[in-house]
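Reading the structure
This is what each chain is made of:
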Amino acid sequence: MRCASRSDELVFFVNGRKVMERNVDPEGTLLTFLRKNLRLTGTKYACGRGGCGACTVMVSKHDPVSRKIRHFSVTACLVPICSLYGAAVTTVEGVGSIKTRLHPVQERIAKSHGTQCGFCTPGMVMSMYTLLRNHPQPSEEQLTEALGGNLCRCTGYRPILESGRTFCMESNSCQQKGTGKCCLDWGENDSSPLGKKNEICTKLFAKEEFQSLDPTQELIFPPELLRMAENPEKRTLTFYGERVTWISPGTLKDLLELKVKHPEAPLVVGNTSLGPAMKSQRQFHPVLLSPARISELSMVTKTSDGLTIGAGCSLAQTQDILAERIAELPEEKTQTYRALLKHLRSLAGQQIRNMASLGGHVISRHCCSDLNPVLAVSNATLNLISAEGTRQIPLNEHFLAGLASADLKPEEILESVHIPHSQKWEFVSAFRQAQCQQNALPHVNAGMRVLLKEGTDSIEDLSIAYGGVGAATISAHRSCQQLLGRRWNELMLDEACRLLLDEVSLPGSAPGGRVEFKRTLVVSFLFKFYLEVLQELKKLVKLFSVADSRHRSEVSDQFLSALEDFPVTIPQGVQTYQNVDPHQPLQDPVGRPIMHLSALKHATGEAMFCDDIPVVDKELFMALVTSSRAHAKIISIDVSKALELPEVVDVITAEDIPGTNGAEGDKLLAAEEVTCVGQIICAVVAETDVQAKRATEKIEITYKDLEPVIFTIKDAIKHNSFLCPEKKLEQGNVEEAFEKVDQTIEGEVHVGGQEHFYMETQRVLVIPKTEDKELDIYVSTQDPAHVQKTVSSTLNIPINRITCHVKRVGGGFGGKVGKPAVFGAIAAVGAIKTGHPIRLVLDREDDMLITGGRHPLFGKYKVGFTNNGRIKALDIECYINGGCTLDDSELVTEFLILKLENAYKIRNLRFRGRACMTNLPSNTAFRGFGFPQGALVTESCITAVAAKCGLPPEKIREKNMYKTVDKTIYKQAFNPETLIRCWNECLDKSSFHSRRMQVEEFNKKNYWKKKGIAIIPMKFSVGFAATSYHQAAALVHIYTDGSVLVTHGGNELGQGIHTKMLQVASRELKIPMSCIHISETSTATVPNTIATAASVGADVNGRAVQNACQILLKRLEPIIKKHPEGTWENWIEAAFEQRISLSATGYFRGYKAFMDWEKGVGDPFPYYVYGAACSEVEIDCLTGAHKKIRTDIIMDACCSLNPAIDIGQIEGSFIQGMGLYTTEELKYSPEGILYSRSPDEYKIPTITDVPEEFNVSLLPSSQTPLTIYSSKGLGESGMFLGSSVFFAIADAVATVRRERDIAEDFMVQSPATPERVRMACADRFTKMIPRDDPETFKPWSIPIA
Ligand SMILES: Cc1cc2nc3c(=O)[nH]c(=O)nc-3n(C[C@H](O)[C@H](O)[C@H](O)COP(=O)(O)OP(=O)(O)OC[C@H]3O[C@@H](n4cnc5c(N)ncnc54)[C@H](O)[C@@H]3O)c2cc1C
Ligand code: FES
Ligand code: FES
């Protein structure tokens, strides 16, 4: 029981208000406290592990050492509430509000179009706000650093950076030099029609309108806290919770005594190691000791031989301390500090570096620790202290391995870390390779140090340590010993590689997988170090004896590029679009870059998402229990232990479902059989979310495993396990054509799946009403009508009793089309059974485990072509991994086949597709719906043909592209004119041909770094291939004061549909947008809606809104004609007096789509979006890392309804596509368990992944008669253009392989992760590593594509 009477009072401030809590739970976090206790819901939950930054707030504390106030950003989800004693917290609500005053940060991120769904926005605002509190005029580097820990899944980051950049002291963007046009924007041959300045705009917001930053307006540090800090409480503070006691001593002596009393109790400092472990690995500590008030642990001492840093110093402070020391000391003394600093810059995000302590980092001994390998090789020592006294231990391999003899005693704590200076002839370096450059745990890292005998190149001392290749940091002590006395030359290198590979051995089944890659990195890093030292030696050459220098190894110029790491750069770029007709009335907003309607509310945290709805009376929480087996019979479900727990109200099983339990083979709650790990079996209902979650662990399910168990596409084909019949399209005579061609190639392509990673996880609140079985459902969905229908059939009550409300959705990308109905229905069963409102908020792990994502694809192709690259015949067979239920897999297969030809006219074609049934969670809709995977096969074919013909891929693309009015494979007529224009514009604006030459020049001069460039065309068909999906309705009310309420069938997912609908209504009614309002999407106002998907949301709903407005205007016409001088309000008043209905339903009976699969002909899509993208990259052949140098996108948006929103969609989807093709990698265990269930393991692009130069242009002067105001839907198409980065990487890899005489036609695998790139760049190091016979071990993970 909680013991409030004995607990001390927790005192801290939130947004200038004092919080005094006696009843605080030490297990609680700041995030829960803000959201639940203080109802400050601006701070969001998205991952709960410090990995996404959605929960960022600013903490201000008085620093006892510097006696200054320190402001720093933290992730509230990892901040233990008790750690805040004496701190001031600022949340997004404390920064500004639309009700009072907006802060410039909030205003600028909104007006720069830096928000789409808005779920990440409060976190972004807080990271930027904290930066400005510390640096009112930051540098661009500081800006990127500050935002490095914040993920955004919608925007692609460019506009967020753009908004931040407006505060920076310098800006390199040419746009800001006042010309309105950037020199980077145009190709060398600027003959583009975009050159007509009066038609083209490059400005999406008016910087001049921004209010200036006035630091004097910020909240001050509360004087009461200052007084507390100046006269610190020395008393030990204790906070008792139900299960955990938090003890915060005021003196070091008390802390040491407490450590004697509670030797098992951990010290919680940043909680960035303990917090996630307690959450995921279910670690439990009844007593937690907090050393936060012990100033001795934050001391820094500079001595003549080194630097002693207090264990309590944060990693951010450590960074500053090291930087300061580097500036003060001669270079030779600071080698270790530089190496540490290098890793500190890329270790986690800013928030984590602000929270995590040096001591916590060292003591955690994380196997991937970035600092421990460097500290270990540099002979760092640990200063320990206990009630008994002090002692030093070395931070060596024994300590890192956790040997008791070399470890802290239970009653000891780490006081500080001593890091010695380096000396002349000593060289220290640090290496790391992660999935992406920033904010990612390394796969492998290393610290290396060599001391050469003065004036020579012979090794006096050598230390090498690796992280990521074992359960702890590993020291290669034995190898190093054997190399002592050797000269620093090639012979030594060869011997060292052999020794290291022997000593740092990694079994084939090693946790984390990527075994051969890791082995290769072990020696590749050594090679980099070898070169670095040689280079340093060159500088010291004058000190060599003549004899020595003559025999010394040299680094050839070609090899120098191996030395440089890719720098973190700040993206630049220009967005161009066609301006509206100068004659368009000013008040008409269509075609103008209007800010997202909710942008300001996103930025202030006032925008309400599903879980921000205040607690409703008698509300209960639900948590789901899922299968731990991939294919098994359920023998029993024992819920008794869960029900015994206090606060647990009920457990919902399949038996509780009054109506239909899903469909055959796709049950809402499994009762008899499970077909994947992660399938929902039952749900616990409890008084709190924490209790509900804990109770799920008490439910005992017994299974009997069943056969077969299928995970991979290969196995599915073997077992003939498919979800639906094959889909096929054919034209010409493929077999005959193959006979006549000059050459044929057969190949395979594997494309991995993708997690939606919407920032707002799935959530629903079901409120049962007291009358007539009515239910109100607030749900985060793209398809409320589907939720409504599913709940109706599950509960067996008519649809008309159920109302679904969607205010806004924190990102969907297809992942919230089908799945929310499952969660809504299960929650509704709970609500009906218990009679209570039920709230279900999936945590990130469950969301990723349960919901499935993009279908992984395996494609086989055979292509026949002439020697000059004209493709005469193409046969592609695709298999997608559908998972265990049908879901959208049949539709995805159809779309995949329909879209596979992309931009190419090939006379003899055969496309076949099948959806495999496997024992994995069911895959579902995802932006692009099969096209991004399928078209990668087609483009890979083209690349293969190019390689075989010895021609550049762009030539083959051009040669085979549609050229004239023609018919697609399914005989739909289309005119490729716009496609060709996009292609030519892209070639021109990217200066493709001259840059291709520059790339070749670079590649000739550099052996270890290679550049690649690729240009990809795109023809993307928009819409659903079913007529019933092409309809929409809207309801428009005009009230007697003239204000207008619009409702339509589309859902606001961040794509700005509501903004566009208001633009339409404003144009039609000829009134300002400010008179019009959209409140929510509701099944009660617009029934039978279609999912907001397939890029057509704005098209179809826009037409419905237009229709309703036109009906209303027609009714008003006689009044307007009679009083043309009147105002809108007068006319409405008159209409009311004259009994004219001021409410109208608009309806759009859309496109008649048809597709006859038997005959292979149809008219499935209303129109195409065309585009082209050119990307250039540079790869590091030794690590597999890549840098995106530049991307140019041309997209045909026709007459964009809102260029800011449309460019946002293009950029956001491009970056999401880039993630699909480069870093986003799902890992499954051989038992079918998804490993990658958090941002730690699944890497979506971060702010530093944006191409250094990123230009987007909307193609001007194109028209489409079918859509509203001739606009086009751009929600999905940009996704595939991300493949230009993939093909640029492939181009660079192909160059490497050509140069090294390795077969060029290697298997195409997406994503092009560092692992795949490194292993494809085969060299002497990849040849050295031991290879395991796959039959001899069980791998850690299995490929499922
Ligand atoms: C999102 C995220 C990303 C990350 N990325 C990286 C990365 O890229 N590279 C990397 O190397 N690391 C990374 N980390 C790990 C991070 O560096 C460590 O979690 C952190 O340094 C631990 O410090 P802490 O103060 O939070 O420790 P805590 O979690 O507070 O404590 C950890 C352990 O240290 C002990 N401890 C703490 N201080 C003392 C002391 N003075 N004396 C004795 N014992 C003590 C505690 O008892 C506890 O057992 C990441 C962590 C997160 C959450
Ligand atoms: S970092 Fe806290 S929710 Fe993701
Ligand atoms: S706007 Fe950033 S996650 Fe949606």
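Residues numbered from 1 in each chain as written. Chains lettered and ligands numbered in written order. Predicted model: local features only at pLDDT ≥ 70, side-chain atom pairs only at ≥ 80, totals over all residues. Heavy atoms only, no water.

Here the focus is the sheet that holds strand E8 (residues 245–248). Here 3 strands make up an open sheet; going across it, the order is E7-E8-E9 and the pairing mixed. The open sheet has two edge strands with one neighbour each: strand E7 (237–240) and strand E9 (287–289). Pairwise comparison of adjacent strand axes, ignoring direction, gives a mean angle of 15 degrees for this sheet. Judged from the 4 bridges that link them, E7 and E8 form a sheet pairing that is antiparallel. When the bridges of E8 are listed, Thr238 appears paired with Ile247. (Pairing = 2+ DSSP bridges. Helix = DSSP H or I, 4+ residues; strand = E, 2+ residues; numbered from the N terminus. Axes fitted to C-alpha atoms, helices over the stretch in contact; angles between N-to-C directions.)

Let us now look at the UniProt feature "binding site: [2Fe-2S] cluster 1" (unreviewed entry) in the protein chain. In this numbering, the UniProt entry assigns the feature "binding site: [2Fe-2S] cluster 1" (unreviewed entry) to Cys47, Cys52, Cys55 and Cys77. For the residues just named, distributed over 31 residues, the greatest C-alpha separation is only 10.2 Å, placing them together at one site. Take Cys55: it is sitting in the loop between helix H1 (30–37) and strand E3 (56–62). For Cys55, a relative accessible area of 3% translates into the label buried. The contacts of Cys55, once residues within four sequence positions are left out, are Leu31, Thr43, Lys44, Val74, Thr75, Ala76 and Cys77. By the element assignment, Cys77 lies in the loop between strand E4 (69–75) and strand E5 (88–90). By relative accessible area, which is 8% here, Cys77 ends up buried. Those residues in contact with Cys77 that lie beyond four places of it in its chain are Thr29, Leu31, Gly48, Arg49, Gly50 and Cys55. (UniProt positions renumbered as here; feature names shortened; annotations may be inferred. Buried < 20%, exposed > 50% of the residue type's maximum accessible area, 1.4 Å probe, protein only. Contact = heavy atoms within 4.5 Å.)

What follows covers helix H3 (residues 104–111). Of all 8 residues making up H3, 7 are buried, and the element is well covered by its neighbours. All of the buried residues in H3 are Pro104, Val105, Gln106, Glu107, Arg108, Ile109 and Ala110. Looking at the buried positions of H3, the neighbouring elements they touch are helix H2 (92–95), helix H4 (121–134), helix H6 (158–165) and helix H20 (599–604).

Another aspect to go through is the pattern of salt bridges. If you walk through the whole model with that rule in mind, you get 83 salt bridges. In this structure, Arg910 engages Glu735 in a salt bridge whose closest nitrogen and oxygen atoms are separated by 2.5 Å. Note that Arg910 is positioned in strand E34 (residues 908–916) and Glu735 in helix H24 (residues 734–740), a separation of 175 residues in sequence. Given the relative accessible area of 43%, Glu735 is considered partly exposed. The salt bridge involving Arg996 is made with Asp1291; its shortest N-O contact spans 3.0 Å. Note that Arg996 is positioned in helix H32 (residues 992–1005) and Asp1291 in helix H38 (residues 1283–1299), a separation of 295 residues in sequence. (Salt bridge = Lys/Arg side-chain N within 4 Å of Asp/Glu carboxyl O.)

This part covers the site of ligand 1. Taken together, 34 residues form the shell around ligand 1, and within it Val269, Thr272, Leu274, Ser357 and Asp370 come nearest. At 2.9 Å from an oxygen atom of ligand 1 is found a main-chain nitrogen or oxygen belonging to Gly270. In the environment of ligand 1, an oxygen atom lies 2.6 Å from a nitrogen or oxygen atom belonging to the side chain of Thr272. When ligand 1 sits alone it has 970 Å² of accessible area, and the protein chains cover 92% of it. Of all the elements, helix H13 (residues 358–364) adds the most residues to the shell around ligand 1, at 5 residues. (Near = heavy atom within 4 Å. Polar contact = N/O pair within 3.5 Å; in protein donor to acceptor, adjacent residues only side chain to side chain. Areas by Shrake-Rupley, 256 points an atom, 1.4 Å probe, with all protein chains shown as cover.)

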